[in-house]
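Residue strings, one per chain:
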Amino acid sequence: IFSQPPPFPDFHMPDHVAAKIVSLVSEDGVDMLNAWIQSGPDGKAAVFSRETLSSVRLDKSPVFIHMAHESSSYHMFYTKCLAFKNPYALYLQSLVLAFHMCELQEAIAILDGIKDVFPHAGLLYIMLHSCAGSIPWEFYSMYKRRYYKFSEVDLFADKLMFHINEVGPRRQGTYKNSWEFE
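Only a predicted model underlies this, so the values are computations on that prediction, with no experimental measurement involved. (Residues numbered from 1 in each chain as written. Predicted model: local features only at pLDDT ≥ 70, side-chain atom pairs only at ≥ 80, totals over all residues. Heavy atoms only, no water.)

(A) A look at the packing of aromatic side chains. For the structure shown, the criterion picks out 9 aromatic pairs. Between Tyr88 and Phe118, the ring centres sit 4.9 Å apart and the planes meet at 45°, which makes this aromatic pair tilted. Taken as a pair, Tyr88 in helix α6 (residues 87-99) and Phe118 in the loop between α7 (104-112) and α8 (119-132) lie far apart in primary sequence, 30 residues in all. As far as burial versus exposure is concerned, Tyr88 and Phe118 are alike and both buried. Considering the side-chain rings of Tyr147 and Phe156, the 5.0 Å spacing of their centres and the 85° angle between planes classify their relative orientation as edge-to-face. Phe156 shares its class with Tyr147; the two are buried. Connected via pairs of aromatic rings, a cluster forms that spans Tyr125, Phe139, Tyr143, Tyr147 and Phe156. Its end group placed over the ring of Tyr125, Lys115 keeps NZ or CZ at 5.0 Å from the ring centre. When the ring centre of Phe139 is taken as origin, the NZ or CZ atom of Lys115, which lies over that ring, is 5.6 Å away. (Phe/Tyr/Trp six-rings, centres within 6.5 Å; stacked < 30°, edge-to-face > 60°. Helix = DSSP H or I, 4+ residues; strand = E, 2+ residues; numbered from the N terminus. Buried < 20%, exposed > 50% of the residue type's maximum accessible area, 1.4 Å probe, protein only. Lys NZ or Arg CZ within 6 Å of the ring centre and 35° of its normal.)

Now the structure itself:
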């Protein structure tokens, strides 16, 4: 078998262009980045760029919740995403803080910055405020207007409860049974 040289041996993609392309690919999930990591140093640099780490959709991975566990093969990637304020990594961190460590106020503070990014974070924000006895009425009203169909909110709530259960909540000291969405 004859090996052919690359069609453009002198072609080099600028780092910022590669980072932009990889960040767009990462919107389909972290699993889409494997080929870029394996492509060589330039691809790996693009995957670990600020642009990619701050926006990659961690939530699309089947092991999303388990990324927070130190034993996860994705844990190092997850911590790098946290360092760059990735909203999906921050959502996961808030779940761990609220339901595994019982640090409700810290979780609320994190969610305050990402509650508008995706529906589950907004619902968790309302839920944790409700548990703390301080419902953010303005955000609550806006959320209800945005997701006016009960079926939508029901799906979000089911997914949120799945995430909470996957985190492995401490049963005593958590607020799992004290919240309802009207």
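(B) Inspection of the nonpolar core at higher detail. Core analysis: the biggest nonpolar cluster contains 51 residues, and Leu58, Phe77, Tyr91, Leu95, Leu124 and Leu128 have the highest contact counts within it. When contributions to this core are tallied by element, the ones reaching two or more residues are α1 (15-25), α3 (41-47), α5 (75-83), α6, α7, α8, α9 (137-146) and α10 (150-167). No other element matches α6, which puts 10 residues into this core. Sequence-distant contacts of Leu58, that is, excluding residues within four places in its chain, are made with Val30, Phe64, Met67, Phe77, Tyr78, Cys81, Asn86, Tyr88 and Ala89. (Core = buried A, V, L, I, M, F, W, Y, C linked by side-chain atoms within 4.5 Å. Contact = heavy atoms within 4.5 Å.)

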